[in-house]
Amino acid sequence: MSATEIGDDGPRGEVVDHDTVPPANKGLLAVAGVLLLVPVVALLWVGSYSRVEPRLWGFPFFIWYQFLWVFLCSAMTYTAYRIVLVARPHRPMTETTDERTEGRS
Amino acid sequence: MSGVDGAALAVLALLFLLVTGMGFWATRWRRPTSMESLDEWGLGGRSFGTWITWFLLGGDLYTAYTFVAVPAAMFAAGAVSGFFAVPYTIVLYPIIFVFMARLWSVSHRHGYVTTADFVRGRFGSRGLSLAVAVTGFLATMPYIALQLVGIQAVLEVIGLGGGSNVLAKDAPLFIAFALLAAYTYSSGLRAPAVIAFVKDTLIYLVIIVAIVYLPTKVGGWDHIFSAAQEKMAKPNAVDGKPTGAFVPGAQAHWAYATLGLGSALALFMYPHSVTASLSAKSRNTIRRNASILPAYSFVLGLLALLGWVAIAAGTKPIGLDGKPNAQLVIPQLFEDSFPSWFAGIAFAAIAIGALVPAAIMSIAAANTFTRNIYKEWIRPHATVQEEARVSKVVSLVVKAFALVFVLVLDKQNAINFQLLGGIWILQTFPAVVLGLYTRWLHRWALVAGWAVGMVYGTWEAWNVANPRGGVEHFGGSLAQIPVIGQMGYIAMTAFVLNLLVAVVGTLVLRATRTPAGEDETIRGDYFADEGDPRVQKVLQPLHQEAPNP
């Protein structure tokens, strides 16, 4: 599920600061972001699909187009999921962070 | 509508008994060492994998009321107020994909059970946390009541509940809810998780059979769509305007889009959605579910079309009181077109479909009360066991309240409050979701934005009249959007106003150097996954030394 090449510690026992965002491939994250944004924009742009023609098996365009997006959106979300897994591998957390957190409260 | 449909009732009762048995058995399912904590009773041990979560969230989000109300809206008012449920439940998933994983991670690290828990930890503000908790609690109550309305619709079509004797009339509903309350009390979130398998299987079965079988019976899809188009174009007797929309016209585009987006943003602010999400065992469980949950959206779309099938079939939804009631259209269509035994299965799908969300909602409302009101304000030193005890009792109280609400008051009240609930719950979005990304917004500015959104939204909803329904207030969820001048979903307008106030307020409070609260989270918390250790907290209420102004 997660690539664990990135260890708890940096080079030579240096402790990772967990009050940072784990490193990620920004380009891939942007691609995932676009994949997630497209269905939202497509469906909120009601003017692009609020018509009756062309029909498909008797179904008005308005109806079958939105049904089509159920599948497209699902596929795009799944693709985004696979991309995000690669883009930001999980960075395991260690108990060391707890002291920091307690120190703050 | 004469007499009771015996065969349908027998099938319904049988399936109902089956799920009741499963509900009680659920205590032993994935048996924990102790049920006496909110993590176990209220979140199923935070242990559900992808498929259980899929059934649970599907059973939770697509409620019986949805199954009754969406086709009813299609039948009575057409595509704008009915079919928007489809884009709503599509755009929902990319949106939750983005932020729910973060909420899961930070909740995993800090043991949060509710969104108000998170807000308290993130902004160090008891006031903001209370606002979020109270909003969630208030928005959930009418939602539970509406699940009862879903069961009532089924019982009414079967022919039960018509007598003049108040006790006999409501006895079936009463028994159903008492059993639900009992097994939710003992099994917690495990009960709806187990029952959801039955509910979702029945729903898929019934809808697929209906969508394949019914159109051939009423003359095919061409006929169905032309019948719907004809009905929607017909002028209404009250105002002379067309009955509804077959396809949204240009003047309804904003309405359609804002209804879809506003509802999608709001849905995962409801406590019951959060409860089901946090019960997942890993952060990726949620993300995987975002790509497989649309299967339910597809079914919901088909179900919406059944509202138009009913137009072509000439279904007459008449209540036992002799008045037309669009809410009965789907049960009535099933009763008219299916053999009795299959109608019974269809009714069971709706009735059981009410039990799953009602259970999760009452658990979620109870958790919210326990964590964010009882423990926060009344008994700060409550133990984990005490939390579980209080939550179990509150889940009973919440259900009893919903029952009284539906039986004593007109059910239109529940529908009105549900409409308000949707507007209200969206006002917690800035604190919760923007809070997952940034602490830039000031806690008191968020409180101010929330308050403005609540007041504006309530006021606008109160002002909506609906001459066709003969009501002067709470006649719908659309009002004119200021500046843009088009009709739009009130919740969205209130939400934008809320954001504006929060941003301006933050600028002012920062300029005046008003202290922001302590943040107990660190950046890495928002990316944690199963296996990462939970933060061990010193149990001490916030701000003992420095009370909020």
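Residues numbered from 1 in each chain as written. Chains lettered and ligands numbered in written order. Predicted model: local features only at pLDDT ≥ 70, side-chain atom pairs only at ≥ 80, totals over all residues.

Quick word on the overall build of chain B
Test applied: Numbering of helices and strands runs from the N terminus, with a helix taken as a DSSP run of H or I at least four residues long and a strand as a DSSP run of E at least two residues long. C-alpha atoms define the radius of gyration, and 2.2 Å times the number of residues to the power 0.38 defines the globule rule. Residues are defined as contacting one another if the C-beta atoms placed from their backbone atoms lie within 7 Å.
Per the secondary structure count, chain B includes 22 helices and 2 strands. A compact globule built from 549 residues would reach a C-alpha radius of gyration of about 24 Å, and chain B, at 23 Å, matches this within 12%. Taken along the three principal axes of its C-alpha coordinates, chain B extends 70 × 55 × 45 Å. Here the contacts in chain B between residues at least 6 apart in sequence split such that 82% fall between residues at least 24 apart.

Considerations on the overall build of chain A
What counts, and what does not: Each residue is classed by its C-beta neighbour count within 10 Å, where at least 20 other C-beta atoms makes it buried, 12 or fewer makes it exposed, and intermediate counts make it partly exposed; the C-beta atoms are placed from backbone geometry.
Within chain A, the secondary structure is distributed over 3 helices and 0 strands. The secondary structure elements of chain A, listed N-terminal to C-terminal, are α-α-α. Here chain A holds 105 residues, and the buried ones make up 28% of them. The long-range fraction of contacts in chain A, counting pairs at least 24 apart against all pairs at least 6 apart in sequence, stands at 70%.

Things to note about the nonpolar core
Going by this rule: The term nonpolar core refers to a set of buried Ala, Val, Leu, Ile, Met, Phe, Trp, Tyr and Cys residues connected through C-beta atoms within 7 Å.
Formed by 216 residues in total, the largest nonpolar core has its most connected members in V309, F347, A348, I350, A351 and I352 of chain B. A per-element tally of this core places helix 17 (residues 340-378) of chain B first, with 20 residues.

Focus: the packing of helix 6 (residues 85-110) of chain B against helix 15 (residues 294-313) of chain B
Residues and elements named next belong to chain B. Spelled out, the test is: Lines fitted to the C-alpha atoms define the axes, with helices restricted to the stretch that makes contact. Angles between their N-to-C directions range from 0 to 180 degrees. We call two directions roughly parallel when the angle between them is under 35 degrees, roughly antiparallel when it is over 145, roughly perpendicular when it lies between 65 and 115, and oblique otherwise. By the convention adopted, Pro, Cys, Tyr, Trp, Phe, Met, Ile, Leu, Val and Ala count as nonpolar, Lys, Arg, Asp and Glu as charged, and the other residues, Gly among them, as polar.
Orientation of helix 6 relative to helix 15, taken along the N-to-C sense of each, is 175°, at an axis distance of 9 Å. When the axis of helix 6 is compared with that of helix 15, the two are roughly antiparallel. Residues A85, V86, T89, I90 and Y93 of helix 6 pack against P294, S297, L300, G301 and A304 of helix 15. Considering only residue class, the contact of helix 6 with helix 15 consists of 7 nonpolar, 3 polar and no charged.

Describing helix 14 (residues 283-292) of chain B
With respect to burial, helix 14 of chain B is a largely interior element, 9 of its 10 residues being buried. Residues of helix 14 of chain B that are buried sit in contact with helix 2 (61-87) of chain A together with helix 3 (50-61), helix 6 and helix 13 (271-278) of chain B.

Some points on the environment of N413 of chain B
For N413 of chain B, the location among the structural elements is in helix 19 (residues 411-426). Between the C-alpha atom of N413 of chain B and that of A465 of chain B, which follows or precedes it by 52 residues, the distance is 15 Å.

Thoughts on the confidence of the model for chain A
Inclusion rule: pLDDT measures how confident the predictor is about each residue, on a scale from 0 to 100.
Summing up the model confidence of chain A, the mean pLDDT is 78 and the portion of residues at 70 or higher is 76%. Here residues 1-12 of chain A scores under 50 on pLDDT; set against residues more than four positions off or in separate chains, the count is 16 contacts.

Topic: the environment of E36 of chain B
Residue and element names in this part refer to chain B. Tracing the backbone shows E36 in the loop between helix 1 (6-25) and helix 2 (38-42). Once the C-alpha coordinates of E36 and E387 are considered, the two residues, 351 residues apart in sequence, prove to be 8.2 Å apart. Sequence-distant contacts of E36, defined by excluding residues within four places in its chain, comprise Q385 and A388.

Topic: unusual backbone geometry
A cis amide bond links E53 of chain A with the next residue in sequence, P54 of chain A, at an omega value of -5°. Mapped onto the secondary structure, P54 of chain A falls in the loop between helix 1 (26-44) and helix 2. Notably, W57 of chain A is not glycine yet its phi reads approximately 50°, a positive angle. For W57 of chain A, the location among the structural elements is in the loop between helix 1 and helix 2. Notably, V483 of chain B is not glycine yet its phi reads approximately 75°, a positive angle. One can find V483 of chain B in the loop between strand 1 (478-480) and strand 2 (487-489).

A few points about the interface of chain A and chain B
With 44 residues of chain A in contact, the opposing surface of chain B contributes 43 residues. Broken down by secondary-structure element, the contributors of at least two residues to the side of chain A that touches chain B are helix 1, helix 2 and helix 3 (96-104) of chain A. Examining the composition of the side of chain A that touches chain B, we find that 11 residues originate from one element, helix 2 of chain A, more than from any other.

Concerning helix 4 (residues 64-77) of chain B
Residue and element names in this part refer to chain B. In plain terms, the rule: To estimate the expected span of a helix, count its residues, drop one, and scale the result by 1.5 Å.
Across its 14 residues, helix 4 extends 20 Å between first and last C-alpha, which sits within 8% of the 20 Å expected from 1.5 Å per residue. Among the 14 residues that make up helix 4, 13 are buried, leaving the element largely enclosed by the rest of the structure. Immediately downstream of helix 4, the backbone of G78 shows phi near 90°, a positive value.

Details of the packing of helix 2 of chain A against helix 15 of chain B
Look at helix 2 of chain A against helix 15 of chain B: their axes get within 9 Å of each other, and the N-to-C directions meet at 180°. For the element pair helix 2 of chain A / helix 15 of chain B, the angle class is roughly antiparallel. Where helix 2 of chain A approaches helix 15 of chain B, its residues F67, V70, C73 and S74 of chain A are matched on the opposing element by P294, S297, F298 and G301 of chain B. The residue makeup of the contact of helix 2 of chain A with helix 15 of chain B, split by class, is 5 nonpolar, 3 polar and no charged.

Overview of the confidence of the model for chain B
Averaged over every residue, the pLDDT of chain B is 85; residues scoring 70 or more account for 96%. Scoring of the predicted complex yields 0.86 for pTM and 0.83 for ipTM.

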